[in-house]
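Letter by letter, the chains look like this.
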Amino acid sequence: MSSPSTPATGAGVPLIEAKSIDWVPANERHGKLWHQAPLWFLGNFQYFSIPIGFIGPSLGLSLGWTVVASILGIGVGTIFMAFHASQGPTMGLPQLIQSRAQFGYRGVIVPLLATLFTYLAFNVADTILLGEGLSSSFGWNATAVAVVATVAAAALAIFGHDWLHRAFRILLYISLPIMIVLTIGVIAGGAHGSWDPSQYGFSWVAFMAQFAACAAYNITYAPYVSDYSRYLPTTTPARKVIAAVFFGASSSAIWLIVLGAWLAIALGATDGLAGLQLAGNTVIPHLGDAAALLSALALAATMGMNAYGGALTVLTTIDSVRPIKPKTPSRVTTILVLAVVWYAVAATVSTGAVATVFSALTLMLYVLVPWTATNLVDYFIVRRGHYAIADLFTPDGIYGAWGWRGLTAFGAGLLAEIPFMVLPTIGDWSYTGPMAELLGGVDIAWLVGLVVTSVVYLLASRSLRGTEETPHAALTDPSAPVTDPA
């Protein structure tokens, strides 16, 4: 493992990011707080957000109740995401390297595999959405769109952290005015549209499905949100990081999800991009064309973000088995391999875009909630942000190779979810747990997993108080140079 204290070159920021899963020392922190809000605003200000608004209406949920469920779900999910973001400036590490404190140097492989599934599932769904959407909207060849989007996303991920921030800001500056005009046009009635209110109403099954999908949407960012805040100065106030990320990620998601619900109900849209194009072009000729294209470009950029985080996850997994030197070539190679994998999987998926989105979000929520509960309870309640950075890079450190507390809590939370799960149809297979059946098909599995994981980890961590770990971690300044534990 390379030393986390590699000095800055003094030659400025390189074209291709030099850092990988290693620690970012204080003298290399060049991030700016104000970059966080636009990054995460555009992260959700793209095509993937629109079909999430289709989920409730597809189950008969009215527009009003879909809006309520979406706002509540996004609010809950973004809280977890934003609190994870505050760990970046303090730790200067990718999110899942920090998770070694809870799961152990090798034990972290368990949540790493769950997280890798999240990255790949998102990019598989994104590839399908882009292919179907641009084919419906512009008549473009879906296969060609998928190839171009995959190549562009991989290239952006290879350039790395700073270029991702830049690309997101540029796309936001261009797309925001267009979406404002389009939305005002919809509110003013310029997009027309009508529906039969008797076809929509309220049911707990539909409400919780919409709520859970929206909560999952931003919780799925949690495993890599601090990857994009780890270059912030160590003195950056945590509350400001939390506020910036929360505002950016929640406001754009709510905006487009609600717009998506209106498109599904009022225009009968079954494809988010085609619905956006139709509404915009009705308001002003070619406005919808511009909005659809920019939304697709933003989604391709978000695929780059997923590829970047996925590469860090793979490298962390490999390093947890056999220490490696995480140089630029290894990161680039990993991104290229991931691109081939997600494209190949997307090419074999036969389900529609909305079904793919719902299935992906449901599965991601189940596997990520036990991790996020363990990580946040440890950071904010148990260890309160005090970690020995050098010990995160060795299986012989104070965190050990296998963290029984984190693994036990994660397993307990996942097992507790199973009776409450309502898995959507995947191929010819689906599953509804016995407790979910008693609840009439209402899915509360992730809430059960959240509570069980948190309680189990808190109980298991009582033995940490007063051990030799506390003074060791408290005396380790994350901004100070540390020796290479390898």
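Residues numbered from 1 in each chain as written. Predicted model: local features only at pLDDT ≥ 70, side-chain atom pairs only at ≥ 80, totals over all residues. Heavy atoms only, no water.

Take the overall build of the protein chain next. Along the backbone of the protein chain there are 20 helices and 2 strands. The burial tally for the protein chain puts 59% of its 486 residues in the buried class. Across the protein chain, the fraction of contacts at a sequence separation of at least 24, relative to all contacts at a separation of at least 6, is 85%. Of the roughly 17800 Å² of accessible surface on the protein chain, 70% is carried by carbon and sulfur atoms. (Helix = DSSP H or I, 4+ residues; strand = E, 2+ residues; numbered from the N terminus. Buried < 20%, exposed > 50% of the residue type's maximum accessible area, 1.4 Å probe, protein only. Contact = heavy atoms within 4.5 Å. Areas by Shrake-Rupley, 256 points an atom, 1.4 Å probe, with all protein chains shown as cover.)

Moving on, we come to the confidence of the model for the protein chain. Across the protein chain, pLDDT averages 85, with 90% of residues at or above 70. For the protein chain, per-element mean pLDDT is lowest for helix α20 (residues 469-474), which scores 52, and highest for helix α17 (residues 404-417), which scores 96. With pLDDT under 50 throughout, residues 1-11 is counted as low confidence; its partners more than four residues away or in other chains account for 31 contacts. Here residues 474-486 is modelled with pLDDT under 50, and outside its nearest four sequence neighbours on either side it reaches 25 contacts, counting other chains as well. (pLDDT = per-residue confidence, 0-100.)

So, on to the pattern of salt bridges. All told, the structure shown has 2 salt bridges when counted by the stated rule. The shortest N-O distance in the salt bridge between D319 and R100 comes to 2.8 Å. In this pair, D319 sits in helix α14 (residues 287-321) while R100 sits in helix α7 (residues 100-103), placing the two residues 219 residues apart along the sequence. The two residues D319 and R100 agree in class, both being buried. With a shortest N-O distance of 2.5 Å, R383 and D378 are connected by a salt bridge. (Salt bridge = Lys/Arg side-chain N within 4 Å of Asp/Glu carboxyl O.)

Let us now look at the side chain of Q102. Along the chain, Q102 turns up in helix α7. Judged by relative accessible area, which is 2%, Q102 ranks as buried. At 2.9 Å, the side chain of Q102 forms a polar contact with the side chain of N375. When neighbours within four sequence positions are excluded, Q102 is seen to be in contact with T374, N375, D378, R383, Y387, G403, R405, G406 and Y457. (Polar contact = N/O pair within 3.5 Å; in protein donor to acceptor, adjacent residues only side chain to side chain.)

The grouping of W65, V68, L72, F202 and W204 at the surface amounts to a nonpolar patch, some 500 Å² of accessible area in total. Residue contributions to the nonpolar patch peak at 3 residues, all from helix α4 (residues 63-85). Counting through the fold element by element, L72 comes out in helix α4. (Patch = residues over 30% accessible without salt bridge, like charges linked within 9 Å, V, L, I, M, F, W, Y side chains within 5 Å.)

Okay, unusual backbone geometry next. A positive phi angle, near 75°, is found at H286, a position not held by glycine. As for its placement among the helices and strands, H286 is situated in the loop between α13 (272-283) and α14. Residue classification places H286 among the exposed positions, given a relative accessible area of 60%.

Moving on, we get to helix α1 (residues 36-44). Of all 9 residues in α1, 9 are buried; the element is thus mostly enclosed. Here α1 has its buried residues at Q36, A37, P38, L39, W40, F41, L42, G43 and N44. In this structure, the buried residues of α1 make contact with α2 (49-52), α4, α10 (161-187), α11 (204-219), α12 (238-266) and α14.

A few words on the packing of aromatic side chains. Counted by the stated rule, this structure contains 22 aromatic pairs. Aromatic side chains W40 and Y228 sit 5.8 Å apart centroid to centroid with 85° between the ring planes, which places their arrangement in the edge-to-face category. Of the two residues, W40 is situated in helix α1 and Y228 in the loop between α11 and α12; the sequence distance between them amounts to 188 residues. Look at W65 and F202: their rings are 4.7 Å apart centre to centre, the planes differ by 55°, and that puts the pair in the tilted class. Taken as a pair, W65 in helix α4 and F202 in the loop between α10 and α11 lie far apart in primary sequence, 137 residues in all. An aromatic cluster is present here, built from W40, F48, F122, Y217, Y221, Y228 and Y308 joined pairwise through their rings. Sitting over the ring of W163, R166 keeps its end group 4.8 Å from the ring centre. (Phe/Tyr/Trp six-rings, centres within 6.5 Å; stacked < 30°, edge-to-face > 60°. Lys NZ or Arg CZ within 6 Å of the ring centre and 35° of its normal.)

Here we come to the packing of α1 against α10. In contact at an axis separation of 9 Å, α1 and α10 are set at 70° when each is read in the N-to-C sense. Taken together, the axes of α1 and α10 are roughly perpendicular relative to one another. Regarding α1 and α10, the two cross each other, and that crossing is left-handed. Across the interface between the two elements, Q36, P38, L39, F41, L42 and G43 of α1 pack against L164, H165, F168, R169, L171, L172, S175 and L176 of α10. A per-class count over the contact of α1 with α10 returns 9 nonpolar, 4 polar and 1 charged. (Axes fitted to C-alpha atoms, helices over the stretch in contact; angles between N-to-C directions. Parallel < 35°, antiparallel > 145°, perpendicular 65-115°, else oblique. Left-handed = near helix turned anticlockwise from the far one by under 90°. Nonpolar A, V, L, I, M, F, W, Y, C, P; charged D, E, K, R; others polar.)

So, on to the environment of G280. Tracing the chain through its elements places G280 in helix α13. A sequence separation of 90 residues divides G280 from G190, and the C-alpha atoms of the two residues are 8.9 Å apart.

Before going further, it helps to examine the side chain of T394. As for its placement among the helices and strands, T394 is situated in the loop between α16 (353-382) and α17. Reaching out from T394, the side chain makes a polar contact with the backbone nitrogen of D396 at a distance of 3.1 Å.

Position of H35 relative to the elements: it lies in the segment before α1. As for H35 and S229, which are separated by 194 residues in sequence, their C-alpha atoms are 9.3 Å apart. Apart from residues lying up to four places away in sequence, H35 is in contact with H165 and R169. Within the structure, the side chain of H35 is placed 3.4 Å from the side chain of R169, a separation counted as a polar contact.

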